[in-house]
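The chain contents come next:
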Amino acid sequence: MYTCTRADSRTPLTTLMHNEILGRAKNMAKMIKLSKQRISQLLESKLQEAVRNDGVDVGDTQLSKALSQTMKDNMPEVNNKFALGSFGRPFWDEQTQAMNTRGIR
């Protein structure tokens, strides 16, 4: 059963007292937090499902070698497209460094 209170969401803010507005704001903040948590949980489950259904094992040696060769083949193009200081350059540099140090770790 629904009980209507003075601070009900349908009540105009101009008719509420200061403490009632604060109460409504707290309720809304709580609802937003719970909604964000639920969205995060749903997204996580969808990502896990996508990885389970469409994921590729990157530990595969053949795949790793093919990826390394692809990175080496495309390095000049990437260096031209992503100059030093550009948005994509740090990602590329990290991946190149990881590829070169893979056997050392």
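Residues numbered from 1 in each chain as written. Predicted model: local features only at pLDDT ≥ 70, side-chain atom pairs only at ≥ 80, totals over all residues. Heavy atoms only, no water.

(A) Highlighting the overall build of the protein chain. Tallying secondary structure elements over the protein chain gives three helices and zero strands in all. Helices and strands appear in the protein chain in the N-to-C order α-α-α. Counting only residues that meet the buried cut, the protein chain has 13% of its 105 residues in that class. Considering only contacts within the protein chain whose residues lie at least 6 apart along the sequence, 18% involve residues at least 24 apart. When the accessible surface of the protein chain is summed, it comes to about 9,300 Å², and 60% of that surface belongs to carbon and sulfur atoms. (Helix = DSSP H or I, 4+ residues; strand = E, 2+ residues; numbered from the N terminus. Buried < 20%, exposed > 50% of the residue type's maximum accessible area, 1.4 Å probe, protein only. Contact = heavy atoms within 4.5 Å. Areas by Shrake-Rupley, 256 points an atom, 1.4 Å probe, with all protein chains shown as cover.)

(B) Spotlight on the packing of helix H2 (residues 61-81) against helix H3 (residues 89-101). Where H2 contacts H3, the two axes come as close as 11 Å, and the packing angle between them is 145°. The element H2 and its partner H3 pack so that their crossing is left-handed. Side by side, H2 and H3 meet where Ser68, Met71, Lys72, Met75, Val78 and Asn79 of the first sit next to Arg89, Trp92, Gln95, Thr96 and Met99 of the second. Tallied by class, the residues present in the contact of H2 with H3 amount to five nonpolar, four polar and two charged. (Axes fitted to C-alpha atoms, helices over the stretch in contact; angles between N-to-C directions. Left-handed = near helix turned anticlockwise from the far one by under 90°. Nonpolar A, V, L, I, M, F, W, Y, C, P; charged D, E, K, R; others polar.)

(C) Here's a closer look at H3. Under the 1.5 Å per step criterion, the end-to-end length of H3 is 18 Å for 13 residues, consistent within 8% with the ideal 18 Å. Those residues of H3 that fall on the buried side of the exposure criterion are Arg89, Trp92, Thr96 and Met99. Within H3, the buried residues cover an arc of 95° as seen down the axis, which keeps them to one side. H3 presents Phe91, Glu94 and Gln97 as exposed residues on the side facing more than 90 degrees away from its buried surface. Looking at the buried positions of H3, the neighbouring elements they touch are H2. (Expected span 1.5 Å × (residues − 1). Arc of directions from axis to C-beta.)

(D) Quick look at the pattern of salt bridges. Applying the stated criterion to the full structure yields one salt bridge. Arg89 serves as the salt-bridge partner of Asp93, at 3.1 Å between the closest nitrogen and oxygen. Residue Asp93 and its partner Arg89 are located together in helix H3, separated by four residues, close to a single helical turn. Classification of Asp93 by relative accessible area gives partly exposed; the value is 34%. (Salt bridge = Lys/Arg side-chain N within 4 Å of Asp/Glu carboxyl O.)

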